[in-house]
Amino acid sequence: MGRKHQKISKSDERLINDVAANTGRDWRRLGTVLGVKSEELDALGHIKGDVASQMVMVWWEEQSNTKDAREALRAALIKMDRSNLALASSENICLDDESLFRDLSRNIGKDWRRLGTTLSFRAAEIETFVYNNRDNLEEQAFQMFIAWRRKQTNDTEARESLRAALVEIERADMTARLSDVAGSAVDVLTCSKEIANHYIETMKVMTYPLAKERAMGMTELHVNLQLLRETNRLERHQSENSTLQPEHDKISLGSYEDILQPDGPGTKRTLVTAETGYGKSTLLKKIAYDWALIQVPKRHRLSQSPLEIYKLLFLLNVNLMSKDFNFIDAIFSQILTDCNYLTKKGLKSFIQKHPEEVLILFDGADEVLFQMLDRANGLDTIKGVLSFQSFKSCRVIVSSRQFTALKLLKWYPHFTRVRVTGFNDENRQEYVGKYLTNYDSKYQSELLKEVQESQTLRTLGEIPLMFWLMCTTWEECHKLPDRVTKLFNSAVRVLYQHRVSKSSATCSDTFTTATFDDLSKQLGKVALEGLLNPNGVKLHFTQAEFDSERAVALGCEVGLLANTKAMHELEEFDYVTFLHKTFQEYYAAMYLANLASSNLEMFRKYVSQILAGNIDTMEYLLRFCCGLNSAAAEIIIALVSEKLSHNELDTFIGFLCNYTPYSRIMMLLLFEAELEFMVRDFADADWVRFSGTLQGEDLLAAHYFVKTLARTTGLPHASNLDVICHSLADVELVKDLMRHGITTKSLDLDGVNMNGKIDTLRDISEHATCLYVDDCNLNSKDISRLFTMISATGSIELVDLSNNSLCSLQTDDICSSMSVTLLNLSGCSLTKDTVDVLFRFLSALSNVNTVNLSGNNLHGVRPVHVSQVLSLHSLILIDCSLQKNDMRGLFYIIAAVGNIQWVSLRKNNLCGFQKGTITPVSSLLSLDLTKCGLENGNMKPLLCMLSNLPNVQRVNVNNNDIDKEILASLGLNASPEFGHDVEFIENSRYVYIFSSNVTYMISRNALRRRYSANCLLI
């Protein structure tokens, strides 16, 4: 047959004999597929004995190397439909290598039977292996492996199916013998199951810090938090002149799943922000817990969860990471502490190859000094990941307080920003039902009623941590305090009483009030030094940092401290944390307040250090201190007042950097300390201006300040407040402020149910210029009363009515309102059938110049007569379900309105736009068609339409599927020197079209000459 090139090894000979024995009469066909000549096959046919083995052996000897021979034989067997005999290449996984199977057989023991069943062998087949190899357990397993391997057709699938089977029978220890390739799919399967079990077992919700037996599962106690996604409303409307809502728009999210939806927010990086106690960490834990339920078999599966696409999820505590902030290292030090089947290199390789299957959660970016994060450079660091330098296709969520969040945005400005706003009334009701599940509904209702009737408690109850404390205190005392310091005093008292009530058999020693006070002092010193740590706030401590091991032990017994083990660079260590950062701040304040009596010099030194730093981060420390000790409060308030008196309030920098944070803290400190004589001393102070937005505790503090003053006392520098009311109780607070001559400039009641209650706004809207009553459940009668009130005030310029159902809007009782210039009616259930009523309504607003109708379904709009609104210049129709056939009716109405100059049709599907004639609109100057599904074939019909708009100067077609070559072929010239800020010029000779961030231009004469004659009637 030819010259021999290689010798046949014993393992190759066994392989050849095995194939030949199973080929049978197909040996001639196999030879043909292998390329053996027909005359050679004929000659072999006359040989007696095992013709098939001799044919394959002769062919094998002619091959250049073993690898090619195995691959060629495997391909031939597959080609002749004998894939059950096709064997894998030994170079990749060596599954056909006898030594591998021998090694597996020696170590698997009696578990080979379970493995065989998992590998789909029938019971009769397993018994055959036993019968043929009686009294030889290893050989029974070996023959099973050989038989299984003969059935495999694919290298990778064979390896992974065997790995998966070993994991399923809980023999993952054997998987390392299959290959030395780290990060395989089954390594990841093992990893995901281990992580999932870790999350399920550890993420319990503690109802009492110490009583683990009273812990509840995440699903038993967890309540969804209120989430808002922040966006830029100016970007949304794309109007340089619009001031409808210049700050960030806030879009309510149903749950965290809205963040993770594939068609959700467009970035891979999400920044979750909130202040202390709002549940940022709990939110991330809930995500991890829900993912874990999906991964573990026989657990409840979440239906259609966006978490299903993630094979791995890592929840990492930033404060526990090493100083280089390498997140791969952190995974192994915090989660995979005893992993022996996966290497760091292998895990990183998997994440790089499958980034869209990995979700990374960084909890507490604000809990370390930002400069340390910023200095830790490298692609595997937090900075590398969050700044979008590495792992770009991984979904990453990071939580932080606002102060650090602003710095993170400098790393990467395109974060999807999600704000946690805590609990609303429904959340609190659900939480009480779960927390106090062993009590009757009357008992639960009494708590909710007390919270709702107290402005302080209701506002504090928006913070989940504070509401947990209320529930804990209520369960023990059946009474609630009205300030944050009093609330924590009660909570700590509850913990103390719980500790005292424990039987002596379970206590380390007698626990008295003196013991508790001594413990508080020891904890307070460590807590304060941690908060004032020069390298950033320190939340984790070693036992050596406390005065004694006894203090740590008692703190853990009471539930104020938690003792936890962690791994770092293969070394295990203990660390101690407070129950929550706010508890650390409370105990630091206790220590600081005591210094005011015992060591005044040291007290002043500490306070000066606090006031010289970022005062916002020390808010609760100062508030607690003022609430705990009146003498300490007098000194702190005097020092803050001194800071304010030295500030240059007339300069912009002085106002922002000094006045705003210090004046806000001053109000909160006076509120907490309840020192009425000091409030009266500050009545004429320059800093009493209530700048910024008043809401929540800031509104409560301002109300306390004003109510403490005599009714005749004026506040010369306080006026024109920006206020956000979260309930009708907040409205009453604002009314009290106005009785002292303070006026409101902007009033926001977003989400407050104002159905039938609009008249309550009459007094507080007298001097307001902006009124936001979006999503307030208003009806037609409410709208009538609202505009009667607006007409009477004569000052309100902006009205936001979005997300109220106005489908039954009536205009007969609408008063003419001369002051309103900006009106938001987005998401108000308006339709094509309400267009006539809508413009009669707008005509009553004599000076309205900008109207937002986004999010209303106006599909099918017809060319109907509408009332003229000559003041209306800007019309926003984003995402109104408009289609190509609606253009004739729409432009007929725009022309009839009379003077509209700017129209936005963003996010309407105008694909398939055809040639046609529209009603000429001589007033129109600018048309926004961004994200309208336009394609190359739609550009010529669009130019035809533009030829009927005699004065249009700017058309935006960005984010459509339009090629620049098409624009050039249509006579449009690219003009890089022009930008989107092209000024409007009366009787301009050119039309400017923006596409793919390039400006194109065409003369108006050319537009009419080339395209007007080709238009057909729509």
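Here, every reference points to the structure presented above.
Residues numbered from 1 in each chain as written. Predicted model: local features only at pLDDT ≥ 70, side-chain atom pairs only at ≥ 80, totals over all residues. Heavy atoms only, no water.

Description of the overall build of the protein chain
Here's step 1: What the protein chain contains, in helices and strands, is 41 helices and 23 strands.
Here's step 2: Long-range pairs, those at least 24 residues apart, make up 72% of the contacts in the protein chain with a sequence separation of at least 6.
Here's step 3: Summing over all exposed atoms, the protein chain offers an accessible surface of approximately 44,900 Å²; the carbon and sulfur share of this is 47%. (Helix = DSSP H or I, 4+ residues; strand = E, 2+ residues; numbered from the N terminus. Contact = heavy atoms within 4.5 Å. Areas by Shrake-Rupley, 256 points an atom, 1.4 Å probe, with all protein chains shown as cover.)

Considerations on the nonpolar core
As a rule of thumb, soluble globular proteins bury nonpolar side chains together.
Here's step 1: Counting residues in each nonpolar core, the largest one holds 285 residues, and the members touching the most others are Phe327, Phe362, Phe690, Leu749, Phe787, Leu823 and Leu946.
Here's step 2: Excluding anything up to four places from it in sequence, Phe362 contacts Leu284, Leu316, Val318, Phe327, Ile382, Val385, Leu386, Val396, Ile397, Val398 and Ser399.
Here's step 3: Judged by nonpolar contacts, the second largest core, of 24 residues, contains Ala141, Met144, Ile146 and Leu166. (Core = buried A, V, L, I, M, F, W, Y, C linked by side-chain atoms within 4.5 Å. Buried < 20%, exposed > 50% of the residue type's maximum accessible area, 1.4 Å probe, protein only.)

Brief notes about unusual backbone geometry
Here's step 1: Of note, Phe388 is a non-glycine position whose phi angle comes to about 65°, a positive value.
Here's step 2: Residue position: Phe388 is located in the loop between α19 (382–386) and β6 (395–400).
Here's step 3: Unlike most non-glycine residues, Asn959 shows phi in positive territory, near 60°.
Here's step 4: Mapped onto the elements, Asn959 comes out in the loop between β20 (954–956) and α40 (964–969).
Here's step 5: On the basis of relative accessibility, which here comes to 56%, the residue Asn959 falls in the exposed class.

Re helix α9 (residues 137–150)
Here's step 1: The terminal C-alpha atoms of α9 lie 21 Å apart, and with 14 residues this matches the ideal 20 Å at 1.5 Å per residue to within 8%.
Here's step 2: All of the buried residues in α9 are Glu139, Gln140, Ala141, Phe142, Met144, Phe145, Ile146, Ala147, Trp148 and Arg149. (Expected span 1.5 Å × (residues − 1).)

Section: the packing of aromatic side chains
Here's step 1: Counting across every chain of the model gives 29 aromatic pairs.
Here's step 2: With 6.4 Å between their ring centres and 80° between their planes, Phe690 and Phe705 make a pair best called edge-to-face. Taken together, the residues span a long stretch of sequence, with Phe690 in the loop between α33 (676–681) and β10 (693–694) and Phe705 in helix α34 (residues 696–708) at a distance of 15 residues.
Here's step 3: Classification of Phe705 as buried rests on a relative accessible area of 0%.
Here's step 4: Ring pairs connect the aromatic residues Phe488, Phe583, Tyr586, Tyr587, Tyr620 and Phe624, which therefore count as one cluster. (Phe/Tyr/Trp six-rings, centres within 6.5 Å; stacked < 30°, edge-to-face > 60°.)

Observations regarding the pattern of salt bridges
Here's step 1: For the structure on display, the rule yields 34 salt bridges.
Here's step 2: Notably, a salt bridge pairs Asp736 with Arg739, separated by 2.2 Å at the nearest N-O pair.
Here's step 3: When its relative accessible area of 46% is taken as the criterion, Arg739 is described as partly exposed.
Here's step 4: Through salt bridges with shared partners, a single ionic network connects Glu619, Arg623, Arg664, Glu672, Glu697 and Asp698. (Salt bridge = Lys/Arg side-chain N within 4 Å of Asp/Glu carboxyl O.)

Things to note about the environment of Gly524
Here's step 1: Inspection of the secondary structure assignment puts Gly524 in helix α26 (residues 513–531).
Here's step 2: Taking the C-alpha atoms as reference points, Gly524 and Tyr591, 67 residues apart in sequence, are found 4.8 Å from one another.
Here's step 3: With residues up to four places along the chain from it excluded, the contact list for Gly524 reads Tyr587, Ala588 and Tyr591.

With respect to the pairing of strand β4 (residues 312–317)
Here's step 1: Burial analysis of β4 places 5 of its 6 residues in the buried class, the great majority of the element.
Here's step 2: Strand direction decides the pairing type here: β4 and strand β5 (residues 358–363), joined by 6 bridges, are parallel. Bridge pairing in β5 links Leu316 to Phe362. (Pairing = 2+ DSSP bridges.)

Thoughts on the packing of helix α21 (residues 425–435) against helix α24 (residues 464–477)
Here's step 1: Interhelical geometry of α21 versus α24 gives an angle of 45° and a closest axis separation of 11 Å. One element, α21, and the other, α24, form an angle in the oblique class. For the element pair α21 and α24, the recorded crossing hand is right-handed. Side by side, α21 and α24 meet where Arg428, Tyr431, Val432 and Tyr435 of the first sit next to Phe467, Trp468, Cys471, Thr472 and Glu475 of the second.
Here's step 2: Within the contact of α21 with α24, the residues separate by chemical class into 6 nonpolar, 1 polar and 2 charged. (Axes fitted to C-alpha atoms, helices over the stretch in contact; angles between N-to-C directions. Parallel < 35°, antiparallel > 145°, perpendicular 65-115°, else oblique. Left-handed = near helix turned anticlockwise from the far one by under 90°. Nonpolar A, V, L, I, M, F, W, Y, C, P; charged D, E, K, R; others polar.)

Considering the pairing of strand β7 (residues 416–422)
Each regular strand shows side chains that alternate between the opposite faces of the sheet.
Here's step 1: β7 sits mainly inside the fold: 5 of its 7 residues count as buried.
Here's step 2: The pairing of strand β3 (residues 269–273) with β7 spans 4 bridges and is classified as parallel. Opposite Thr273, over in β7, you have Arg419 as the bridge partner.

As for the side chain of His540
Here's step 1: With respect to the element layout, His540 can be found in the loop between α26 and α27 (549–558).
Here's step 2: Taking the relative accessible area as the measure of exposure, His540 reaches 16% and is therefore buried.
Here's step 3: A distance of 2.2 Å separates polar atoms of two side chains, one belonging to His540 and the other to Asn319.
Here's step 4: Aside from chain neighbours lying at most four places away, what touches His540 is Asn317, Asn319, Leu320, Glu545, Tyr575, Val576 and Thr577. (Polar contact = N/O pair within 3.5 Å; in protein donor to acceptor, adjacent residues only side chain to side chain.)

Overview of the packing of α26 against α27
Here's step 1: Contact geometry for α26 and α27: axes closest at 10 Å, N-to-C directions at 110°. The pairing of α26 with α27 is recorded here as roughly perpendicular in orientation. Across the interface between the two elements, Thr515, Phe516, Leu519, Gln522 and Leu523 from α26 touch Arg550, Ala551, Leu554, Gly555 and Val558 from α27.
Here's step 2: Looking at the contact of α26 with α27 residue by residue, the class counts come to 6 nonpolar, 3 polar and 1 charged.

Points about helix α35 (residues 728–738)
Here's step 1: With 8 of 11 residues buried, α35 is to be regarded as a mostly interior element.
Here's step 2: Along α35, the positions that sit buried rather than exposed are Asp730, Val731, Leu733, Val734, Lys735, Asp736, Leu737 and Met738.

Some points on the environment of Asn973
Here's step 1: Position of Asn973 relative to the elements: it lies in strand β21 (residues 973–974).
Here's step 2: The spatial distance from the C-alpha of Asn973 to the C-alpha of Ser1003 is 9.7 Å, given a sequence separation of 30 residues.
Here's step 3: Among residues more than four places away in sequence, those in contact with Asn973 are Thr999, Tyr1000 and Met1001.

Considerations on the environment of Lys193
Here's step 1: By secondary structure assignment, the location of Lys193 is in helix α11 (residues 185–202).
Here's step 2: Judged by relative accessible area, Lys193 falls into the partly exposed class, the value being 26%.
Here's step 3: In this structure the C-alpha to C-alpha distance between Lys193 and Val296, which are 103 residues apart in sequence, comes to 6.1 Å.

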